[in-house]
Amino acid sequence: MAEATSVRPLSAETIDTWNYEADVVIAGYGVAGASAAVEAARAGAEVLVLERAGGWGGAASLAGGFIYLGGGTALQKALGFEDTPENMKTFMMAALGPGADEEKITDYCEGSVDHYNWLVECGVPFKESFYGQPGWETPFDDGLMYSGGENSAPFSTIATPAPRGHIPQMADKKVGEKGGGYMLMKPLVDTATALGVQAQYDMRVQTLITDASGRVVGVQAKQYGKDVFVRARKGVVLATGSFAYNKEMVEAFAPRLIGRPAAAIEEHDGRAIRMAQALGADLAHMDATEVAFFGDPQMMVRGILVNGRGQRYVNEDTYPGRIGQLTLLQNDNQAYLIIDEEAYEEANTTPTATPFFRFQPTWVAETVEELESEMGLPEGTLQATVEVYNKHAATGQDPVLGKKPEWVKPIGSPVAALDLRNFTAGFTLGGLRTNTDSEVLHVSGDPIPGLFAAGRCTSGVCAWGYASGTSLGDGSFFGRRAGISAARG
C-alpha cells in the first residue's frame, strides 16, 4: 500500500476496513464544504464532512464576509440599486479576466438572485443599509457595498455601476478575527446540522481511493496520527482551500507570492489539488493571485500613488485589491502615496475598518521638488507627475487615470510621502478545472467519475482579476452544485 504521505490514489481493493461511510464525503468545512453539505443532504444523501481543523469555519469564518451577488437581489432593490444578470456579467468578464470562464460567470450571474434567496433561507442576515465610502470593508454592519471597483474607471464605462458586495450582518466585528464571514458560516453549518450532516474534525485528508474502473469511491485521511479510510457511496467533494501556504507550489506556479501568503488560515496547503492531479485532473489559472495592499483607502483616494519612477499607475479610488495586483504584478511592488497635509488630516478623521493601515508619513517637505529629492526619485519625475495631476485637478478632472471628480483635488503644501513599498500579500486563485456542475475535469476534458470540487481549490469565476466576495460567492454557489452533483452519484 502507498505511504500515507503520498498523494497517489489508493486502490479500494487494498482497504480491509472502512472506518466511516456515507453517500457523500466532503473534505473541508468552509463555505464551499458547508454549501455542498446542505444541498447534498437536501437531495436525500447521507453526508459526512471531514475537517482538518478542530472545528468548522475555514478561511470563510475569518473573512470580512463579502459575498459577490447581483443581478437584482432583494437587498439591491431595497436600497434603490438597479442591476441585471447581463450587466453583472459584463462587469465580471471585464474585471476578472483575461481568461475568465464565461460559462461559469454566465451561470453565476443568472443564478445570483436565487443564490441570495437561498442564503437568506439558510438564515444568513443582511441589513438594509448601504456603505458608500472607500474601504476594504465597512467599519459598521451595513449589508451592501461596492467591492470590486464597479463605480470606478475603467469599469464604470464598461458596465453600469452597481454595488454587489453583500455582507452578512454582525455586531462587534473584529477584522481578521470574527467578521461577516462568521455570520455566513454559522447559519450554513446550523442548517447542515439540522439536515443530519455529520462531521469529523482533526481529519487530514491524504489521498483519494478509487475502484477498479477508476471511479473515486473514498478518501484516506489521518486522524490523531492514525490512518482512517472513508468510503463514499456516491461521490467525494474537495473543498479544502487554496495552495497559498504550499511553498513548493507557490514557487512553481505563483512565484510573485513567495514569502507573502495572505490566506486567512495556514491549512491552505494545496493538498486536494495534488490529490486530484494524481488522478490526471486538469488545472487552470495557477498563476492567478489576489493581492492585498496595506494602504488605507480613505487616504489613498485623497492622494496619488506613484511607483518607483515617480509615475502614477492606478486610479486611487478603485478597488484596493486591484491596486495591490497592479502594484505587485506590474510595478515591482514599488508604491508611494503622495498626499498633502490637509488631505492627510482629513483622511484621519474618517471611519475605517483598517486603522492599522493608517501610517505616518515617511518624508515631509514644503515642495514637491524637495520631497522628490528626499525620496531619492529621479530628478523631475515626481515633479512632472504632480504638475500634470494638479493642472487637471484644478478643474476636478483626471484624464490620465479617470479618478472620480469627488476625489480629485490639487496637491498642496506641505506635502508628504508614505513609503508603501513591499506592502502587499496575497492568496492564490487557480486550482482544479471544474465544469458548472462542479465535476473535476481530467486533462482529457472528461469528468473524473465520483470526484467533485468547489471553492479556492478550484479555478472559479476569477482568472487574472478579483473582486471582494468572489471567493465566498463562487465557493458557496458552486459548492451547492458540487453537493447536488455528488448526491446524484
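What counts as what
- Residues numbered from 1 in each chain as written.
- Predicted model: local features only at pLDDT ≥ 70, side-chain atom pairs only at ≥ 80, totals over all residues.
- Heavy atoms only, no water.
- UniProt positions renumbered as here; feature names shortened; annotations may be inferred.
- Pairing = 2+ DSSP bridges.
- Helix = DSSP H or I, 4+ residues; strand = E, 2+ residues; numbered from the N terminus.
- Salt bridge = Lys/Arg side-chain N within 4 Å of Asp/Glu carboxyl O.
- Axes fitted to C-alpha atoms, helices over the stretch in contact; angles between N-to-C directions.
- Contact = heavy atoms within 4.5 Å.
- Polar contact = N/O pair within 3.5 Å; in protein donor to acceptor, adjacent residues only side chain to side chain.
- Expected span 1.5 Å × (residues − 1).
- Buried < 20%, exposed > 50% of the residue type's maximum accessible area, 1.4 Å probe, protein only.
- Core = buried A, V, L, I, M, F, W, Y, C linked by side-chain atoms within 4.5 Å.
- Domains from an automatic or database assignment.

- Going by the annotation in an unreviewed UniProt entry, the name recorded for the chain is FAD-dependent oxidoreductase, with Rhodococcus xishaensis given as the source organism.
- As stated in UniProt under Cofactor (unreviewed entry), the record for the chain gives "FAD".

### Describing the sheet that holds strand β6 (residues 144-145)
- With respect to topology, 4 strands assemble into an open sheet ordered β4-β7-β6-β5, the strand pairing being mixed. Looking along the sheet, the strands with just one partner apiece sit at the ends: β4 (67-68) and β5 (130-131).

### Concerning the pattern of salt bridges
- Summed over the entire model, instances satisfying the criterion amount to 24 salt bridges.
- Here the salt bridges share partners, and the residues they tie into one network are Glu21, Asp23, Glu46, Arg231 and Arg233.

### Considering the sheet that holds strand β16 (residues 363-365)
- The strand order across the open sheet built from 4 strands is β14-β15-β17-β16, with neighbouring strands paired in antiparallel fashion. Of all the strands in the sheet, just β14 (304-306) and β16 have a single pairing partner and so form its edges. Here the average twist between neighbouring strands, direction ignored, is 25°.
- Here helix α12 (residues 368-375) sits on the sheet in contact with β15 (336-340), β16 and β17 (415-419), set at roughly 150° to β16.
- Docked against the sheet, helix α13 (residues 381-393) engages β14 and β15, running at close to 150° with respect to β14.

### A few points about the side chain of Ser129
- On the secondary structure map, Ser129 appears in the loop between α5 (112-121) and β5.
- A polar contact is formed between the side chain of Ser129 and the side chain of Asp142, at a distance of 2.4 Å.
- Those residues in contact with Ser129 that lie beyond four places of it in its chain are Leu79, Asp142, Gly143 and Leu144.

### Quick notes on helix α14 (residues 470-488)
- Here α14 spans 26 Å end to end across 19 residues, near enough to the 27 Å set by a 1.5 Å rise per residue.
- The element α14 is extensively covered by neighbouring structure, given that 16 of its 19 residues are classed as buried.
- Directly after α14, the chain includes Gly489, whose backbone phi takes a positive value near 80°.

### Some thoughts on the nonpolar core
- Counting 82 residues, the largest nonpolar core has Val24, Val47, Met92, Leu96, Tyr108, Leu119 and Leu305 as the members making the most contacts within it.
- Element by element, the count of residues in this core is highest for helix α1 (residues 31-42), at 8 residues.
- In this structure, this core is formed jointly by two domains, domain 1 (1-294 + 425-488) and domain 2 (295-422), each of which donates at least three residues.
- What Val47 contacts, discounting residues up to four positions off in sequence, is Ala22, Val24, Ile26, Ala37, Ala40, Ala41, Val197 and Gln198.

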